[in-house]
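Structural overview for review
Letter by letter, the chains look like this.
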Amino acid sequence: MSNRTEFTAVAHNPSSRHRPALLALSLASFCALLALLAPAVSQSQVTRSTPKPIPPNEAYMQPVPGLSHGELRKFRNGEKQFKAPWVVFPLLGGEWGLGPTFLANSCVGCHVQAGRGRTFDEPGVIAFQQLLRLSIPGEGPDGGPMPHPNYGDQLQVFGVNVGLKENLKPGEAELYIDWVPFPVTLSDGTVVELRKPSVRLEKPNFGPIDATVMTSLRNTQVVFGAGYLEAVTEEDILALAKMQQTVGLNGRPNYVRDDINKRTALGRFGWKANQPNVKQQIAAAFHGDMGVTSSLYIEENCPPVQTLCRAMPPGNKPELLDYSWDELHFWQLALDAPAPRNQDNPQVIRGSQLFTQARCAQCHIPELRTGEFPALPQISKKTFRAYTDLLLHDMGPGLADGRPDFKAGPRDWRTAPLWGIGLSAQVNGSTNLLHDGRARNVLEAILWHGGEAQASRDLFAGFSKQEREDLIAFVNSL
Ligand code: HEC
Ligand code: HEC
């Protein structure tokens, strides 16, 4: 990998990732031609071979090309798992096993259409598409954060209700986000009003959550393309870190606990790259976000003081069946990223040059390559354009959460992939960006960059209005 290819972003020509679409298109026009030449080809045959346009809100829900019939069936079953509602035993209307405490009753309740979470602007609404990680000082088991003795390592804001009012089980606490305005002035005098979250916890049910408790607010992430991110070899990621040192950056991998293989592994998923692989990420989401146990996390999520929680009968043991986990895992690996758009638009081309000029591409690495990936051979040895390095960077005090997460320090965040970012609004209405959802658009997200990205941010802030708009148009085309 040469520095030049890694650190420059060119608005790209249709790559191999597009070829199937082009092929399908030319096949369609070929069929249309056939129809003209030979009226014997029936109209229905022609229509069947035309690819259906993807509805705007389904842009993040497409499978990678090349799945067999059987694999497509598995993909659809996995999608059903992603959408399936969970209920508390013995209520009807879903899978048994929700709670006793939880944040949402389905994956899709937070990852609407596989997209980002949305923040509420009104002050009185309990946040649930944003979750609050908690820990107390010190290192927990396996080098991770030390869970709070009464609340664990993540706050669940709801408790299950088994019908009668007196049976309503308490959530752990109510989580509200108050937005504090934070205006910044750019070099041409433009004032941009940023905002910063201030977390407010009310009605803590299991004792006070005092100032020594470290918290980290995390917005719901997009989930497509995870297979590609998992398939990059560790060697390639470490090579990127080394290469960044030559330009004065300090990208570092996180090393986290792999509970499945019982070892330390490179972290890839989550805002601080605190999850090593998709399979574990899913089990952790079931456990932490929905209160659903699995063969990996078999015990209900009830710290010792939560006696009502501990007394509840489980929906099953474990509540998530291994084959459902497997189907959802397959879906998650095979969920494709949307293709870039408008790559030959002059503004987008200008923006891609500015993206390189402002050194965005030093962290948001345009192109990566997967290694051998037996779990889904269709994505083995492929290049893909996610615009990330999967490394942690010190992003400065403005973005700091003050809470370490394995090897990720209190100011460190994983370079967020930028693919598909411009489709976020059409997918589910959310344009919220950054780890806590504070940025309401790409402009705000860039202006929050500090630390290792300060120079890059300042180059951007020094651009003319037209140049800033060009760069943003490029980011939104990815
Ligand atoms: C309460 C809302 C919520 C629910 C429910 C939820 N998630 Fe998430 N998800 C998140 C948040 C927040 C993150 C980021 C976590 C972090 O950084 O600590 C995330 C991260 C992820 C990621 C990592 C994406 C990346 O690029 O790193 C995947 C994959 C994922 N979730 C899948 C799932 C699946 C599958 C389910 C259902 C079993 C699920 N989630 C349920 C909120 C939720
Ligand atoms: C030093 C590495 C680095 C550089 C340089 C950098 N970024 Fe980032 N970028 C990050 C990290 C890390 C995050 C995640 C920060 C967070 O969530 O708090 C991020 C987040 C973003 C996001 C939000 C994505 C999302 O899904 O929330 C956008 C947009 C973005 N960067 C664009 C840019 C642009 C444009 C530039 C150049 C002007 C740039 N970045 C330069 C590391 C970098």
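So, about the pairing of strand β10 (residues 254–258). Relative to strand β11 (residues 263–267), β10 is paired through five bridges, and the arrangement is antiparallel. Paired with N254 across the bridge in β11 is G267. Count of turn residues in the β10/β11 antiparallel hairpin: four residues, of which K262 carries a positive phi of about 50°.

This next bit is on the coordination of the iron atom of ligand 2. H364 (NE2) and H449 (NE2) make up the full set of protein donors to the iron atom of ligand 2, lying at 2.0 Å. With six donor atoms in place around the iron atom of ligand 2 and angles of 87 to 180° between them, the coordination shape is octahedral. Here the residue H364 occupies a position in the loop between α11 (346–357) and β12 (368–369), and H449 occupies one in the loop between α13 (442–447) and α14 (454–461), the gap between them amounting to 85 residues. According to the relative accessible area criterion, H364 is buried, its value standing at 12%. The exposure class assigned to H449 is buried, which follows from its relative accessible area of 19%.

Read across the sheet, three strands follow the order β5-β4-β9 without closing on themselves; strand pairing throughout is antiparallel. One side of each edge strand has no neighbouring strand; the edge strands of this open sheet are β5 (145–146) and β9 (214–219). Bridge count for strand β4 (residues 130–139) against β5 is two bridges, and the pairing is antiparallel. Looking at β5, one finds that E139 is bridged to P145.

Thresholds, definitions, all that
- Residues numbered from 1 in each chain as written.
- Chains lettered and ligands numbered in written order.
- Predicted model: local features only at pLDDT ≥ 70, side-chain atom pairs only at ≥ 80, totals over all residues.
- Heavy atoms only, no water.
- Pairing = 2+ DSSP bridges.
- Helix = DSSP H or I, 4+ residues; strand = E, 2+ residues; numbered from the N terminus.
- Donors = N, O, S within 2.8 Å, 3.2 Å for Na, K, Ca; no water.
- Tetrahedral: all angles 85-135°; square planar, octahedral: opposite > 155°, others 65-115°.
- Buried < 20%, exposed > 50% of the residue type's maximum accessible area, 1.4 Å probe, protein only.

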